Every structure is written in structure tokens, then in C-alpha cells.
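Structural characterization, general
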Amino acid sequence: MSLGILSYEIIGDSYERLYKYIMEENIPCKSITEIKGVLYLETSVWCKSIMEEELDKLSYEYKITRRKGLFFVLKKLISRKGLVLGGLTVLVISFIASNLMLNLEILCEDEAIKKDITAVLHENGITAGCFIPSINCTVIERELKQKVDGISWAGITCDGSTLIIDVVENVDKPEARKIRMPCNLVAKYDAVIDKIEVYDGQLVTTVGSGVRKGDILVSGTVITEKIHYEDGKEIKNVSQKYARSLGKIYGTFSVTQTFCQPFEATEEVIDDTAVNKNYLKIFDAAIPLFISKEEGRYSESSSSNMFSIFGFELPVGITHTQLYKITRQNTVYTEDEALKLAYEQAERYENNFLKEYEIKDVKRSEKTDENGVELTVEYTLYGDISQEVEFFINK
């Protein structure tokens, strides 16, 4: 009866017949009271129809003085459909918003690491708008540690609709100076020795001498002779030890490199005309403000303008994106253009591979045939020509 209760006020000559009906039909009633000839009682809302039908038969006057219980609350809500619909909508939106990832926060200062982390998350379908309970944090943390260079630990937590990625960057170990294995310093190039700096090991070459690639310059096998005399006889004591050879051997050497550029090549070309697209940005979610989708490959650049109110920036704004179409096309070069590209290859080679050496002289020769041009460059270089090579000790 607690789901819905009706309180009646009944007026009649005698209530014996009503009492008898209630008892015979086993109608749940309570708080039955007579005050100055007026009968008051409470009954279940489910008995309303049969109770009022009997009261009409007995010609009693009655009215409902009070309605209480969940039944009437629900009935009242149902009668106000707009309010109910609005409330349900708010509940649904609140549930969805609390379980959708709208913002991504990566606790790291290194932009390159942030970019790699974002790429791994996208590979696993973790983008703005994804369902947070479906994210397997353990699996994603493991993938981040395996695929992202520069981090040793990753942890994922959720704060409302924000997914927080916390990482610990790798700490580079200091160079270990103690190596168990002895080593020699050997020549990396055919060279002429100009300068020697030896900190440990036994020097086996001299300034001004020529060496071949692979020759030992400083030996890790250090042999020491001590001479003394006994009874007028010369006695030599030879001792041997092993060390890690340390030092720098500077020399002058030559390197020859050939750079080829064909007259015909397939290249990627970026169109100068931009296709503009706008997105509504809400936290990290980007909602497209357009219908058509561009096909093909594009180079993209974008900028965001966030809304503000009273000087405070809101997490809502417009992202303006410019798309530049990338196409592959066959390009034909003239001899001068091909030669210029070959020289650019040589310049990149010098910047990438020869920056640790001093370039003392450069000799270039050009060759052209029906397929393209060939640039051969001979570099005369100066710098440290030694490298460490470990060796095993014979027992």
C-alpha cells in the first residue's frame, strides 16, 4: 500500500454496511476513524475503483482529501512530459559526457615524445570522443613503453572526461669509463698521422707516418722492459699488461663519394592552393563544420582561436585548417637542374656525415650521359681517425 495511498472523507447515516464490505472483500484500509459522524480512512490506490463503486451503491458522500506515495509522484511527472524528457536528456548527456574522453593531457615537456605518444594512442583508437571504460589502460601503458623512445615508464589515469598520460623520461647513463675488455685504437681510414694524443695504451705509430685502414695505432697490450746489471751482465725483465687504449690520433685522409641525379624522376608535389576546413574545438574534440570530405593525400597546417569571456579563455573555439594536396608526378630536369640537385645531395652529405671533420680540400668532377648527371667529389679531410676495437686475451 506504500506505493500509493488515498485518504477518504465519507459522510453517511450508518457505516456498518461499509465495514462489512471491507471485511468481506478484504480491502486493505487503515486509520479508520469516526469523528462527529464523519468517517475517515486510508486505502491503497489499487482499491480506488472498487471502493468508490461501493460508496456510490451505499449513497455515501465522499471525497479524497489526500494522495501520497510513489504512484502519484510518477503520475505527476508523466503528466509533465517536457520536464521528464528534459530531465532524462540531462541524465543521458551527463552519463555520456562523464564516460567520453573530451580532453587529453600528456604530462611531458618534450614535444617529440608528446607527438609519439599521441600517435600510439591514435593507433589504438584513443581519440577525442572515445568511450573511457573501453580503454584497457594496462595494455596501452605497455605499448607506450615499447613503442615510444625516450620514456621508461607510463601511467594512465582519468579525471572526469580528461585522460591523463603521465610518463617518466629516460635518464641517460653517464659514459662508463671502466670496460673489462681491453681494446686497441685502430685506423678508420687510410691516412697520414699529423697529431697524437695518447692517455692509455702503447703507441705503435709516429707523427708523419702513413697508416692503412684497420692498422693498430695504439695497442692495448702494453709491454714494458726493465734492464739491470748483475755481475756485469745485462738482465732484461719483460712485463706485459692489458689496458683500454685511450686517446685521439689526428690524421689527413681522403674520402670519395658519388652523387647521381637522373633527368626523369617521380616526385611528390604539394599544391600551392589551400583547401580551408573549419572545426568546432571542444577541449581536444574536433567537430567538423563541413559535410564533404577531401579525398587523397594532403599536407596539413592548422591554428585554433579559442573563445573567451571576461578575459578568461574557454575550452571552446574554432580550428582553422589548411589542406594542401600532395600528388606524385613525373618531373623532367634539364642538365643544369639535375646538376644543381646533385650538388644539393653533396651538401647534405657534408652536413650529415662530415661535420666532425675539417674539410681541407674538395675536388669535384662531373659526368653526363643520356640518363642523368653524376657528380664525384673527393674530400681531403682532417680529424680523429681512430676507433676503439676490443680484443680477447689469450690464456
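Residues numbered from 1 in each chain as written. Predicted model: local features only at pLDDT ≥ 70, side-chain atom pairs only at ≥ 80, totals over all residues. Heavy atoms only, no water.

As for the overall build of the protein
Scanning the protein for helices and strands turns up 7 helices and 22 strands. Against the 2.2 N^0.38 benchmark of 21 Å for 395 residues, the protein shows a C-alpha radius of gyration of 45 Å, more extended than a compact globule. Based on the C-alpha atoms only, the size of the protein along its principal axes is roughly 155 × 80 × 40 Å. Approximately 26,600 Å² of the protein is accessible, and the part contributed by carbon and sulfur atoms is 51%. Treating the 47 positive side-chain charges of the protein as one cloud and the 62 negative ones as another, the clouds have centres 7 Å apart. (Helix = DSSP H or I, 4+ residues; strand = E, 2+ residues; numbered from the N terminus. Rg over C-alpha atoms; globule rule 2.2 N^0.38 Å. Areas by Shrake-Rupley, 256 points an atom, 1.4 Å probe, with all protein chains shown as cover. Lys, Arg positive; Asp, Glu negative; His and termini not counted. Charge placed at Lys NZ, Arg CZ, Asp CG, Glu CD.)

Notes on the packing of helix α1 (residues 16-25) against helix α2 (residues 48-57)
Contact geometry for α1 and α2: axes closest at 11 Å, N-to-C directions at 150 degrees. The angle between α1 and α2 places the two elements in the roughly antiparallel class. In this structure, α1 crosses over α2, and the sense of that crossing is right-handed. Across from L18, Y21 and I22 in α1, the residues of α2 making contact are I50, M51, E54 and L55. (Axes fitted to C-alpha atoms, helices over the stretch in contact; angles between N-to-C directions. Parallel < 35°, antiparallel > 145°, perpendicular 65-115°, else oblique. Left-handed = near helix turned anticlockwise from the far one by under 90°. Contact = heavy atoms within 4.5 Å.)

Some details on the nonpolar core
Residues V211, L217, F253, F259, Y379, L381 and I385 are the most contacted members of the largest nonpolar core, which totals 27 residues. Breaking this core down by element, the ones donating at least two residues are β8 (183-187), β9 (191-200), β12 (216-219), β15 (246-262), α7 (335-353) and β21 (372-384). Excluding residues that lie within four positions of it along the chain, I385 makes contacts with V186, A187, K188, Y189, A191, I193, V211, L217, I249, G251 and F253. In terms of nonpolar packing, the next biggest core, distinct from the first, is built from 21 residues, M101, L121, A154 and I156 among them. (Core = buried A, V, L, I, M, F, W, Y, C linked by side-chain atoms within 4.5 Å. Buried < 20%, exposed > 50% of the residue type's maximum accessible area, 1.4 Å probe, protein only.)

Topic: the domain arrangement of the protein
Once the domains are mapped, the protein shows domain 1 (5-75), domain 2 (103-169), domain 3 (185-247) and domain 4 (265-331). Placing the centre of domain 2 and that of domain 4 at their C-alpha centroids yields a distance of 24 Å. (Domains from an automatic or database assignment.)

Some words on the sheet that holds strand β6 (residues 151-159)
Pairing within the open sheet is mixed, and its 3 strands lie in the order β5-β7-β6. Two strands bound the open sheet, and with one partner strand each, they are β5 (103-107) and β6. When the angles between neighbouring strand axes are averaged without regard to direction, this sheet yields 15 degrees. Judged from the 8 bridges that link them, β6 and strand β7 (residues 162-169) form a sheet pairing that is antiparallel. Looking at β7, one finds that G155 is bridged to D166. Lying over the sheet, helix α6 (residues 137-147) contacts β6 and β7, oriented at roughly 150 degrees with respect to β6. (Pairing = 2+ DSSP bridges.)

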